[in-house]
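So you can see what is in the structure, the chains are spelled out below.
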Amino acid sequence: MSAKSAINKELFTPHDEKMLAGVQVKRRTKKKIPFLATGGQGDYMTFICLSVTNKKPSHVSLTKVKQFQGSSAFIKRSQWTIDQLRQVNGIDSNKDCPEFDLMFDNGLDQWVASSAGEKCTFIQILHHTCQRYCSARKPEFINCQSKLLGEGLDTVIYHCKVYLNRMRKDLVPHRGHLQRQGNSILHSAADSVTSAVQKASQALNERGERLGRTEERTADMMNSAEQFAVTAHKLAMKHKC
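Okay, so let's go over this structure. (Residues numbered from 1 in each chain as written. Predicted model: local features only at pLDDT ≥ 70, side-chain atom pairs only at ≥ 80, totals over all residues. Heavy atoms only, no water.)

**Things to note about the pairing of strand 7 (residues 107-113)**
Argument step 1. Bridge count between strand 1 (residues 17-27) and strand 7: three bridges; the pairing is antiparallel. The residue of strand 7 that forms the bridge with arginine 27 is tryptophan 111.
Argument step 2. The sheet contact formed by strand 6 (residues 99-104) and strand 7 spans six bridges and is antiparallel. Looking across to strand 7, one finds that leucine 102 is bridged to aspartate 109.
Argument step 3. With antiparallel pairing between neighbouring strands as the criterion, strand 6 and strand 7 make up a hairpin whose turn holds two residues. (Pairing = 2+ DSSP bridges. Helix = DSSP H or I, 4+ residues; strand = E, 2+ residues; numbered from the N terminus.)

Okay, here's the thing in structure tokens:
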């Protein structure tokens, strides 16, 4: 069992919560040192965990968890509600990097993750969670790559819907068999593309897949939408003739 799975099972599940994401971290120092999971006596591993309650209304928290060397137990050290989070600083918006900052009402924590990929996955899920659960003031995300904030997927969904709706309207004047077949194809296209985009987004959030492949996947979805529309148009022209 991985450390994150163990944390979820030991600390969150018993309290009717589920862990959405976790990242192993160390505090940043001026002197760069290799990332080490264990070391001398008294050393420990630190995790920042994002969790949500199963009961409604949902409550989202960020929790600092530690595991001391020589112990299999995980211990909650600090906890903040999502409303206490004021700013997330990704440090570099041009490339993947393991450093990030979390600013709360009562202070600033500067971290370096065990890897750039783990940090990117955590920030993406954190941003998605804030958009979903923060009803009032949402935290500010600065110096973060656009792929972490879901901008690419939102744009693709919007353009797919616009393109398919335009093709559907073009077929409305045709009646009978043509209209039924054309609309059926377009409805299928819209459902397929929307479903594919939603599944891709969900997979990125839940399984933490490599975020760098998002642009390639969404481009393929756009191509699929256009191919569906072209097929529908050819069908319409065929029956019109």
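**Focus on the pattern of salt bridges**
Argument step 1. Applying the stated criterion across every chain, the model contains five salt bridges.
Argument step 2. As a salt-bridge pair, arginine 28 and aspartate 101 come within 2.7 Å of each other at their nearest N and O atoms. With arginine 28 in the loop between strand 1 and strand 2 (44-53) and aspartate 101 in strand 6, this pair connects stretches of sequence that are 73 residues apart.
Argument step 3. A relative accessible area of 9% places aspartate 101 in the buried class.
Argument step 4. Across the salt bridge formed by aspartate 105 and arginine 86, the nearest N and O atoms sit 2.8 Å from each other. You can see aspartate 105 sitting in the loop between strand 6 and strand 7 and its partner arginine 86 sitting in strand 5 (residues 85-89), a full 19 residues away along the chain.
Argument step 5. Arginine 86 sits in the partly exposed class, given a relative accessible area of 22%. (Salt bridge = Lys/Arg side-chain N within 4 Å of Asp/Glu carboxyl O. Buried < 20%, exposed > 50% of the residue type's maximum accessible area, 1.4 Å probe, protein only.)

**Section: the side chain of lysine 64**
Argument step 1. Inspection of the secondary structure puts lysine 64 in strand 3 (residues 60-68).
Argument step 2. Although lysine 64 lies buried, it forms no salt bridge, and the closest oppositely charged side chain, aspartate 109, sits 5.2 Å away as judged by the N-O distance.
Argument step 3. Every residue in contact with lysine 64, bar those within four places of it in the chain, is listed here: Arg27, Thr46, Phe47, Ile48, Ile75, Lys76, Arg77, Ser78, Trp80 and Trp111. (Lys, Arg positive; Asp, Glu negative; His and termini not counted. Contact = heavy atoms within 4.5 Å.)

**Section: the packing of aromatic side chains**
Argument step 1. The final tally for this structure, using the stated rule, is four aromatic pairs.
Argument step 2. Measuring from ring centre to ring centre gives 4.3 Å for tryptophan 80 and phenylalanine 104, while their planes differ by 10°; the resulting arrangement is stacked. Linking tryptophan 80 in strand 4 (residues 75-81) with phenylalanine 104 in strand 6, this pair joins segments that are 24 residues apart in sequence. Here tryptophan 80 matches phenylalanine 104 in class, with each residue buried.
Argument step 3. Seen in terms of ring centroids, phenylalanine 100 and phenylalanine 122 are 6.1 Å apart; in terms of plane orientation they differ by 40°. Their pairing is tilted. Taken together, the residues span a long stretch of sequence, with phenylalanine 100 in strand 6 and phenylalanine 122 in helix 2 (residues 116-133) at a distance of 22 residues. Note on accessibility: phenylalanine 100 and phenylalanine 122 belong to one class, buried. (Phe/Tyr/Trp six-rings, centres within 6.5 Å; stacked < 30°, edge-to-face > 60°.)

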